[in-house]
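A look at the structure
The primary structure of each chain is shown beneath.
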Amino acid sequence: MLNIMPPPADRQRGDPGVPDFGLIGTILDELHHDELIAKLNDYRWTGRPGYAPEVMWRATLVRYLLKLRYTRDLIAQLKASRLLRRVCGLRDTVPHEGTFSRFYARLADHKDLVDAAIMDVAQRVGAEIERLQDEGVVPESAPAPGRMVAIDSSDVEAWGNGKREPAKRIDREAEWGHRTAKLAHEGDELFYGYKLHAICDAYYGTPLSWAVLPANMNDSPTLPPMMDQLKRNHPKLPVRYAMADRGYDALSNFQDLHQHRIFAVIQVRDTDKNGLYTPKGEPKCIGGQPMEYVRTDKGKGHLFRCPADGCELKGSKPWLGERCGSEHYEGWDGELLRRVGLLPRASKRWKRLYKQRTSVERLFGSLKRSRLLDQHCYLGIKKVRLHVGLSLLTYTGTMLGRLLDGDYAGMREMKVEMPVANWTARAA
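Keep in mind the model is a prediction, meaning the values are calculated, not measured.

Attention shifts here to a positive patch on the surface. Together, R147, R240, K280, K298, K348, R349, K351, R352 and K355 make up a positively charged patch on the protein surface. Mapped onto the fold, K280 is located in the loop between β7 (263–266) and β8 (292–297).

Our focus in this paragraph is the packing of aromatic side chains. Taken as a whole and assessed by the stated rule, the structure comprises 6 aromatic pairs. When the ring of Y293 is compared with that of F304, the centres are 5.8 Å apart and the planes differ by 65°; the resulting orientation is edge-to-face. Highlighted residues: Y293 in strand β8 and F304 in strand β9 (residues 301–305), separated in sequence by 11 residues. Taking 5.1 Å as the distance between ring centres and 5° as the angle between the ring planes, the aromatic pair formed by W350 and Y354 counts as stacked. Taken together, the residues span about one helical turn, with W350 and Y354 both in helix α11 (residues 348–354) at a distance of 4 residues. Comparing W350 with Y354, the two get one shared label, buried. It is R72 that lies over the ring of Y70; its NZ or CZ is 4.4 Å from the centre.

In this section: a nonpolar patch on the surface. A cluster of nonpolar side chains, contributed by W159, I170 and L379, occupies part of the molecular surface with about 300 Å² of accessible area. Structurally, the position occupied by I170 is in the loop between β2 (148–157) and β3 (175–180).

This part is about empty space enclosed by the protein. Within this structure, the stated rule accounts for 4 cavities of 30 Å³ or more. Together, F254, H258, I262, F263, A264, L337, L342 and L343 line the second largest cavity. Where the lining of the second largest cavity is concerned, the elements lending two or more residues are α9 (251–259) and β7. For the lining of the second largest cavity, the per-class residue count stands at 7 nonpolar, 1 polar and no charged.

Among the nonpolar cores identified, the biggest contains 89 residues, and I24, W57, L107, L196 and L390 are the most heavily contacted of them. Among the elements that make up this core, the one with the highest residue count is helix α13 (residues 381–404) (11 residues). Within the second largest apolar cluster, 20 residues are counted, among which are V149, I151, V239 and L257.

Relative to the helices and strands, A59 is located in helix α3 (residues 53–65). Of the residues examined, A59 reaches a relative accessible area of 1% and is grouped as buried. Spatially, the C-alpha atoms of A59 and L90 are 9.2 Å apart, while their sequence positions differ by 31 residues. Among all residues touching A59, those that are not within four sequence positions of it are L74, C88 and F100.

A few words on the packing of α3 against helix α6 (residues 97–108). Interaxial distance between α3 and α6 falls to 11 Å at its minimum, and their mutual angle equals 95°. As the angle between them shows, α3 and α6 are arranged roughly perpendicular. Contacts between α3 and α6 involve P53, M56, W57, A59, T60 and Y64 on the former and, on the latter, T99, F100, F103, Y104 and L107. Residues that form the contact of α3 with α6 fall into these classes: 9 nonpolar, 2 polar and no charged.

Another point: the packing of helix α1 (residues 23–30) against α13. Put simply, α1 and α13 touch, their axes get as near as 9 Å, and they point 115° apart. Regarding α1 and α13, the two cross each other, and that crossing is right-handed. Mapping the contact onto sequence places L23, T26, I27 and E30 in α1 and G397, T398, L400, G401, R402 and L404 in α13. Split by residue class, the contact of α1 with α13 holds 4 nonpolar, 4 polar and 2 charged.

The rules behind each value
Residues numbered from 1 in each chain as written. Predicted model: local features only at pLDDT ≥ 70, side-chain atom pairs only at ≥ 80, totals over all residues. Heavy atoms only, no water. Patch = residues over 30% accessible without salt bridge, like charges linked within 9 Å, V, L, I, M, F, W, Y side chains within 5 Å. Areas by Shrake-Rupley, 256 points an atom, 1.4 Å probe, with all protein chains shown as cover. Salt bridge = Lys/Arg side-chain N within 4 Å of Asp/Glu carboxyl O. Lys, Arg positive; Asp, Glu negative; His and termini not counted. Charge placed at Lys NZ, Arg CZ, Asp CG, Glu CD. Helix = DSSP H or I, 4+ residues; strand = E, 2+ residues; numbered from the N terminus. Phe/Tyr/Trp six-rings, centres within 6.5 Å; stacked < 30°, edge-to-face > 60°. Buried < 20%, exposed > 50% of the residue type's maximum accessible area, 1.4 Å probe, protein only. Lys NZ or Arg CZ within 6 Å of the ring centre and 35° of its normal. 1 Å grid on protein atoms, 1.4 Å probe; cavity = no way out; pocket = protein on both sides within 12 Å on 5 of 7 lines; lining within 4 Å. Points joined across faces, edges and corners; volume = space filled by probe spheres on them. Nonpolar A, V, L, I, M, F, W, Y, C, P; charged D, E, K, R; others polar. Core = buried A, V, L, I, M, F, W, Y, C linked by side-chain atoms within 4.5 Å. Contact = heavy atoms within 4.5 Å. Axes fitted to C-alpha atoms, helices over the stretch in contact; angles between N-to-C directions. Parallel < 35°, antiparallel > 145°, perpendicular 65-115°, else oblique. Left-handed = near helix turned anticlockwise from the far one by under 90°.

Now the structure itself:
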């Protein structure tokens, strides 16, 4: 290969004469994927010798780690920093923009291996968390990785504006969809592009399952296949609770999670036309007042009791008495699985769990601020999916790198500095 340092994967940190490039070096070393590099090496090289796939892979990841929107920005940084070239495995010359473009197109053909790398890193993040929990670094009260998950979607705008006539659009695979308005407190707005649907660990923020679809796809139908993907890719995860907003409110989703033995903590729309239940899933008493949740009996269902303060009917009729002790059990069969919930939505436990749903929103926000999720210049869903995959991979890789450095408290801090080499002692 032309003007290339020895493959970084063949050099071990701590060996004599080998520099330790800090966090960015740790991340790049941990994101080396043997199967992907081997597949890229299988291509026949013709013409002038090119750059090693490992070097191009590391340089591509550096672009996301340092939040460099355009390839030309990456090239400028590589030319300006000798240490950055070294951490990528380059000597003096830097690949041209066309070289990166061809490598990206080739990489898009192996998106499945990029996804496999994300899953592998996510599993290693979970293993590191468990190890640190055994060592007492992670609080004992913290749940096991994967016990609570949250699902949501986020917009990924297309590169270029969409036109009404599909034939005149720049990106013909993108579609118009709705998202929460950025400049308003309520309502939504139209955007042109794609949506990233993701399931993440609701406590630690690790992405576990994801899909990129055109923006006109509804959120609700994506839950069952994504949960199946999660179970297939991470079969050992003890998933117990799944949190989602009302965009996933559908009886089929509650039933699917119930089949997986997962408690659905999903906000529902107020569609009770008969007025028998409150929006919180509480049955109403004869006086029209919400009944209070008391406890759950596995054989009978959820016990609800009339509120102690009473209503306007109490004391008005001799048979009601001054204090109404009316009790009522609610099951979770059929529509009640959604209306009341297997885990009752009126309970304090449900409210505490639902608050964890915002972790997936923090994931999307961090991906956009620090991992270029909504900043790209690619056309077609194939390349956009690879872009999203690299964004997720470098996010998860940063979590792993910080955990390996013992920084559990800052594991979700995504800022990565330029490399500063600390050389080990050279052999005599």
